[in-house]
Amino acid sequence: MPDLSRRGFMAVTSALGAVVAANPFKKYIHKLVSYVQPPVQTVPGQWTPIATTCRECPAGCGMYQMHRDGRVTKAEGNPEHPINLGGLCARGQSSLQGLYDPDRVKGPLRRDRRTGALVKVSWDSAYREVANQMRSSAGRLGLISRLETGTMRQVMQEVTAAFGSDRLLLYEPYGLEPLRAANLALYGMPVIPEYHLDKSSHIISFGADFLETWASPVELARKFSGMHSWNNGKVGRFTYVGPRLSMTATNADDFLLVSPGREQWVALAILRSMAEQGLIRDEAVKAMAASIGTGDAAGLCGVPRERISAIARSFADGGIALAAPSAAVGPGPAITAVLAGLLNEAAGAVGTRIDFSRTHALSSTATEQQLETFLDSITSGDAVIIQQTNIAFTRPSARERLRRAALVVYLGTLPDETAEIADWVLPVDSPLEAWGDHEPYTGVHGILQPTMVRLWDTRGAGEVLMELAGAAAGPSGQSGGQGETASFEQRMRNRWSGIQKRSAPGSDFDGFFTGMLRHGFLREELPPLRPSLRQQAGGLLSAPAAEGRTPYLKLWVWPSIMFYDGRTANRGWIQEAPDPVSYASWSSWVDLHPKTAASLGVKDGEVVELAVGENRLQAPVRISTEIAESVAGMTLGQGHQARGLSVAGGVGANPFLLVDPKYAGTWNFPMVSIRATGRSAPAVYTSPTKDQQDRDVLKWITASELRQSPAAVEEIDLPTPEGYDPRQNLYPPHEHRMHRWAMVIDLQKCIGCGACAVACYAENNIPVMGRKNLRQGREMAWLKVVPYLHPRKLERIGWLPLPCQHCDAAPCEPVCPVYAAVHNEEGLNAQIYNRCIGTRYCSNNCPYKVRRFNWFDPVWKKPLELQLNPEVTVRCRGVMEKCTFCVQRIRSAEYTATVEDRPVREGEIVPACMQTCPTGAYSFGDLKDPNSEVMKRFRSDPRRYQVLHELNTKSAVLYLKRIDQD
Amino acid sequence: MNLQIRALGGLLPVLLQVLEAAVPDLDYATINEDVLSPMSPPGPLYYAVLLMLAGGIGLLALPWMYQIHTGMGVAGISHPVGWGVYIANFVFWVGIAHSGTLISAILFLVRAKWRDSVSRAAEAMTIFAIMTAGLFPMVHLGRVWVIAFILPYPSQRQIWPNFISPLVWDVLAVSTYFTVSLIFFTIGLIPDLAAARDRAEEKLGYDSVKARIYRALSGGWSGAGSQWRHYSRSYLYFAALATPLVISVHSVVSWDFAMANLPGWHTTLFAPYFVAGAIHSGLAMVLVLMIPMRKLLKLERLVLPEHLDAVARTTLVTTAIMGYSYLVEPFTSWYSGDKFEWQFTIWRATGWPSIMFWSLFPLNVLIPAAMAFKKVRQSRIALFVIGLCVVAGMWIERVMLITSSTSHDFMPHNWGPYFPTWVEILITLGSFGFFLFLFFLFSRTLPTIPLSDLKGQLAEEELREAPPCPCPEPDFVVGAEGTAVTAVFPDAGTLVLAVSALCHAGFQRMETFTPVKIDKIQQIMGQERSPVRRWALTGAVIGCISGFGLAIGASGVNGLIVGGKNPLSIIPYCIPAFEGTVLLGSIANLAAVIVHSRLFGTTPMPRYRRSFSNDKFGVVVAGDAPEVGRARTLLASFSPEVLDVAP
């Protein structure tokens, strides 16, 4: 062989490399090729936040999608957005898994009449054929859509009008109809107002789980935390009245467990007590309170009088009452809501803390009666378009009525239950791929813009409707129609120019719109509105419903904070995330009170069959005192049966089957029959117990104690050289270079929503393990939000967000034989994945058990791998992993600081958990900076403590005790 | 540590009581024949069993490969129980490995004669048990393919293992234990291999395969006085080095747990508790293996019921220690007043591990305590069954200790159960296959009884008083050149008298050949000391220094802080230093015996006769013709069986 020069060698190898790289047999859809002309905002290798609006529920939180090199990998709350101020819930975090869902419909599908299977078609033929069928159908067009506001609603109205129809129905399963009905009765306004919980000092909730799924949960959680956290000796009070200890209820200082339907008596008792104690100033309200209903409200509600009157006194000064459970319909909850409205009037909340000038978008959704009328009136000639709502799942009785139509067109993203009954499935963009806008409150406008190119052959929903209208207008109109349809974005701009004219007259529209795209929202100032109370609201109360006797139970269903109405169920993160209170994952379960279970003779974990009429479902029992007697509780959102849903399919049971008004009647709480099957198949719980076993891992402090001794009472060991004590340390202290990172978690602020844990999955490429592995405790969560019972009050639960404690004397480190677990120079407990050999000793020795072992190679079904954070290693099987305090974010901030030649600023580093926390429970900073927020807390916060302090681990995560209001 | 010494102190008197166990009433040739005859070609049944056991190895290998390929998730270990049956097996097998070296080394030092009948099998058991044990940390590792990271060797990665970690101590302790046990085993085998060599040469011919193999293995051993002199000293040093090692190995293994902070693990009781448990299970395994072996290999005349009785009595001592430990463990937990410890103790006795917990008392204490009765000790079947119970009981104890503490630690929300999967069960069964395969192989290929030691007991009885040699520098060495006279005696006593006489007559150059070591000869010739001791001492000192040096140097290179400790933490480095002491001391000792006893050849020394490894004792005197003639006359007076003068 001739002498090969280095240059020659490089040439040969690079040529070979090129050949290998250009392997012609592999076809990747998503090429890892840099842009020839990159989009304006994107810089290769750098994050670009793209402002958009979350559409996972009607709340419309503002969010940034973190875009990098052509794909988005992380959802962050928009810190300026008036709704959520930077917070985001678990569902918002999971929006990426909605975008990258492997099951998404990837192109238009037509149902073959003979085989019943869906076959692929092109968009052109889909538009043509659907338009033809719509035109030739004898009946009218009906359009059922999820809640849309802004441009999309305009387009939908125009399209239905273009087909000569006015049958547009905005359908949301949790439309808070009782509340709207109550406000209609009280004020003549069927709306949901804006609640300024932060301005209140006492909240009473009558079954409204406003921290979970009620109207605008992130916003309300933020505001709740504002009034319920410790502020120089002041802390607001929260009373919850309901049949189940929901996540919201666990945050209450007083939890009144009443059987469903009895809330109204409690409300009335409080109102009367207020009147009796002379706490109502408004004479009209006072008169009404005296006149409403008959009977012994205080006796009927089953709550001691002293407790009622104490609540009444506290409530009279700065109270807000919320009512109507998210999933409830019918007159019962409406009566409670009326009474809650009167309580608000009595406390003077309306116009001060409750703002009727801004009404929630949910106010415009269809009522139960409108929906039923719509569905009943579908005839065999009709054409129905269903727009991004899985109505066949949330309203099982709609199935056969929809099938009566000659043509059912589904505009959706997933092959779900509604897709299964559709003749055409026209796949629409994920909200992260589409243009749009959303107005969650009157005058609060959010922008939706594409955060990346489309993954599949989909179209924007508005665009599809406009195309269909254009195609239906006939051959002549077709070309014009196409010209028009290309411009949903243009339509949106037109609408926004109108907004601009109102809010910023005289400015340049392009500049205005670019600013909107950057910030993502616009908040218009509105004139105040004080609705006047109608006088005929009295005389509403009826006698309470007869108590059910076994085998009949009242069924209490509630929307899951993770699944909402089931729309997020096909996402691994969400299935894996535990239900906050029961701590069940990948499961449905039936909550029964121990006495009820005993009378029925069912054991914990036993599968029971619940039935309403012909409809029945099976789910395992969870025996718990968290629910009232003679009630069966179930969460909504699970039980998908569509074959196309590979994650959610076949998991759990669907209680919508039982509560559908068509089957259950207009219900307060439908009566279900229950039958034990004798089969044991418990739900999957990733925490075996909530009992602290006297171990005081989650500490409480009473408010009076705190007021008396405002100095710190708990000994802690600072994770710095200061924490060195020759009496208890064998080894000398060590200095940290530059920084010593630490975290403070305020347990009083943590409401248990679990958003941080899902954010952690998104940020740190944490794999989803699935039901079977979770049963063995093999979830990979780096951060768990652990529920623990109050040591004495069993109805109170505190949450312990448990990330790695980054101990200064970390027990995990010295036991590692290969230095895979070491302390870094900034105090982080670092895990070196490529050094780890997998002895699992570190995990054994971690008293907090926050380390996670990779039992298998992680799997991301394509295209979920596009979501992976490029700055975080994907770990292979056999290595240990754990929370890093988001070291990639620390490094990124340090890098920026170095480039700008300045020290890292306080607050510049925000770990993913802290970023998304709706209530601001986390703070993060540097203990080497004596003025940092965390250092102040470590030094002197009266509520400070370290978990398992007695082990002398010197953990760098400080907890602030939860407050027990006595 | 204190308790450990006390435990050992309690052990010794009982051992001394059984010192005078019976000696087999046989002659040299019979012992030779009895021990070596099982090495003749085995029958088809043996091969069938061997094949079955080889299948057992497959039982270990195939699931392991599946586990490596798929991930540790195929095993039942989980979060929080990160250690399961694999680590339990490791601890169990290391425990089994304890009796071998205990019997060989400690009982050698306290001169317990009964050890001779069982020591070889026990040592072999030790070697194979460590090999089996050594598999399990590898089976257990998440990424076994990078296991080299745990070994201290210089590499471009510039990072060394963490000498603070109990797992590194484990690696050092177990590998040292294996190396030293292997050397000890091999050294002990050499005279017996020479006997096997001579028998094979005689029966199958000089060029037969077997003869070649044993010739190579025996390293030219001739049983010469000049070899025995160094050999017996070095064997003593091996024993002295191995004794603390036996105690240390399971102490170090126990620190895998005691160094962790888990309730139930973090206790100073663990080291003595584990060592006693290890010996308990090891002795039980000796019973389980020896009782069938003496039957199958027809060794009843060599392994007498009295020997089994002695093993049983020793097991009684460990039984008592186990009983004490089982009682004191919950007591300390209660007495500590520690909430975590006490809740854990109660849970272990009432939660899911309770079935394991309560089975320990009958299996490890109550049933073996039956050996206090003479009738039980004399029943082979009873001893075998008790042995099985203890082996099973100790395995269950390991599983319970390891899985219960991990499953029930500090924060209740982390608790979780453990149950092994089929992969773990098969691999565990496979490990027994692996162990028994090796043991079966051993039983027909190597002398299963230390025949030289056994013969030594006969020789000792024959010895008579003989005055030591007055001359200043006698010399053992006799070369091939010149003339020499060889006298062959049938017993050791006459040989000693002859040597004494020769010495007094002024003969300077002579050599003895004996099948057993006779310290008396060295005494007579004033050759009790051997340069071996200097080797051993030097090796040990270098080992100690390099152990510290390695750990300190590595921490200097790494400069990493773990657990808030300094990069340089001297206390934990005592473990590498100790292991280094024993390891290098033993290796130097081995080198010394090879050099001084000239064990690098393949042929025996000149003027050696095959019968010298069997039942004859010879002395050779070299010199010029008149001197040889004088010696011949002198030797003739002792009426040797053979008296030869060779040119």
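Not measured: the values here are computed from a predicted model. (Residues numbered from 1 in each chain as written. Chains lettered and ligands numbered in written order. Predicted model: local features only at pLDDT ≥ 70, side-chain atom pairs only at ≥ 80, totals over all residues. Heavy atoms only, no water.)

If you tally the helices and strands in chain B, you get 22 helices and four strands. Taken against the 2.2 N^0.38 rule, which gives 26 Å for 647 residues, the C-alpha radius of gyration of chain B at 27 Å falls within 12% of a compact globule. The C-alpha extent of chain B, read off along each of the three principal axes, is 95 × 60 × 45 Å. Out of the 647 residues in chain B, the part that is buried amounts to 62%. Across chain B, every contact between residues at least 6 apart in sequence was considered, and the portion connecting residues at least 24 apart equals 85%. (Helix = DSSP H or I, 4+ residues; strand = E, 2+ residues; numbered from the N terminus. Rg over C-alpha atoms; globule rule 2.2 N^0.38 Å. Buried < 20%, exposed > 50% of the residue type's maximum accessible area, 1.4 Å probe, protein only. Contact = heavy atoms within 4.5 Å.)

Quick look at a negative patch on the surface now. A grouping of Asp691, Asp694, Asp696 and Glu950 of chain A together with Asp338 of chain B is seen on the molecular surface, where their side chains present a negatively charged patch. The residue Asp696 of chain A is located in the loop between β27 (684–685) and β28 (700–702) in this model. (Patch = residues over 30% accessible without salt bridge, like charges linked within 9 Å, V, L, I, M, F, W, Y side chains within 5 Å. Areas by Shrake-Rupley, 256 points an atom, 1.4 Å probe, with all protein chains shown as cover. Salt bridge = Lys/Arg side-chain N within 4 Å of Asp/Glu carboxyl O. Lys, Arg positive; Asp, Glu negative; His and termini not counted. Charge placed at Lys NZ, Arg CZ, Asp CG, Glu CD.)

Let us now look at the interface of chain B and chain A. In this complex, chain B contributes 64 residues to the contact, which on the side of chain A involves 66 residues. Carbon and sulfur atoms make up 57% of the area that chain B and chain A hide from each other, which totals about 5,300 Å². Three residues stand out in chain B for area buried against chain A, namely His79, Arg143 and His413 of chain B, and they jointly supply 15% of the buried area on that side. Taken together, the links from chain B to chain A amount to one salt bridge. (Buried area = accessible area lost by both parts, 1.4 Å probe.)

This part covers helix α14 (residues 368–376) of chain A. Residues and elements named next belong to chain A. Residues Glu368, Leu371, Glu372, Phe374 and Leu375 constitute the buried set of α14. Buried residues of α14, seen end-on, are gathered within an arc of 160 degrees and therefore sit on one face of the element. The inward-facing, buried residues of α14 contact β6 (141–145), β7 (168–170), α6 (177–187), α15 (391–394), α16 (398–403) and α25 (661–664). (Arc of directions from axis to C-beta.)

On to unusual backbone geometry, then. The omega torsion of the bond from Lys862 of chain A to Pro863 of chain A falls at 0 degrees, within 30 degrees of zero and hence cis. Geometrically, the link from His79 of chain B to Pro80 of chain B is a cis peptide bond, its omega value of 15 degrees lying close to zero. Looking at the secondary structure, you find Pro80 of chain B in the loop between α3 (44–70) and α4 (85–96). For Leu948 of chain A, which is not glycine, the phi torsion reads 55 degrees and is therefore positive.

With 34 residues, helix α9 (residues 225–258) of chain B should cover 50 Å at 1.5 Å per step; its first-to-last C-alpha distance of 49 Å lies within 8% of that length. With 30 of 34 residues buried, α9 of chain B is to be regarded as a mostly interior element. (Expected span 1.5 Å × (residues − 1).)

Glancing now at the sheet that holds strand β5 (residues 118–120) of chain A. Residues and elements named next belong to chain A. In spatial order, the strands read β5-β4-β16-β15-β14-β6-β7; together these seven strands make up an open sheet with mixed pairing. Two strands bound the open sheet, and with one partner strand each, they are β5 and β7. Direction aside, neighbouring strands of the sheet carry axes that sit 20 degrees apart on average. (Pairing = 2+ DSSP bridges. Axes fitted to C-alpha atoms, helices over the stretch in contact; angles between N-to-C directions.)

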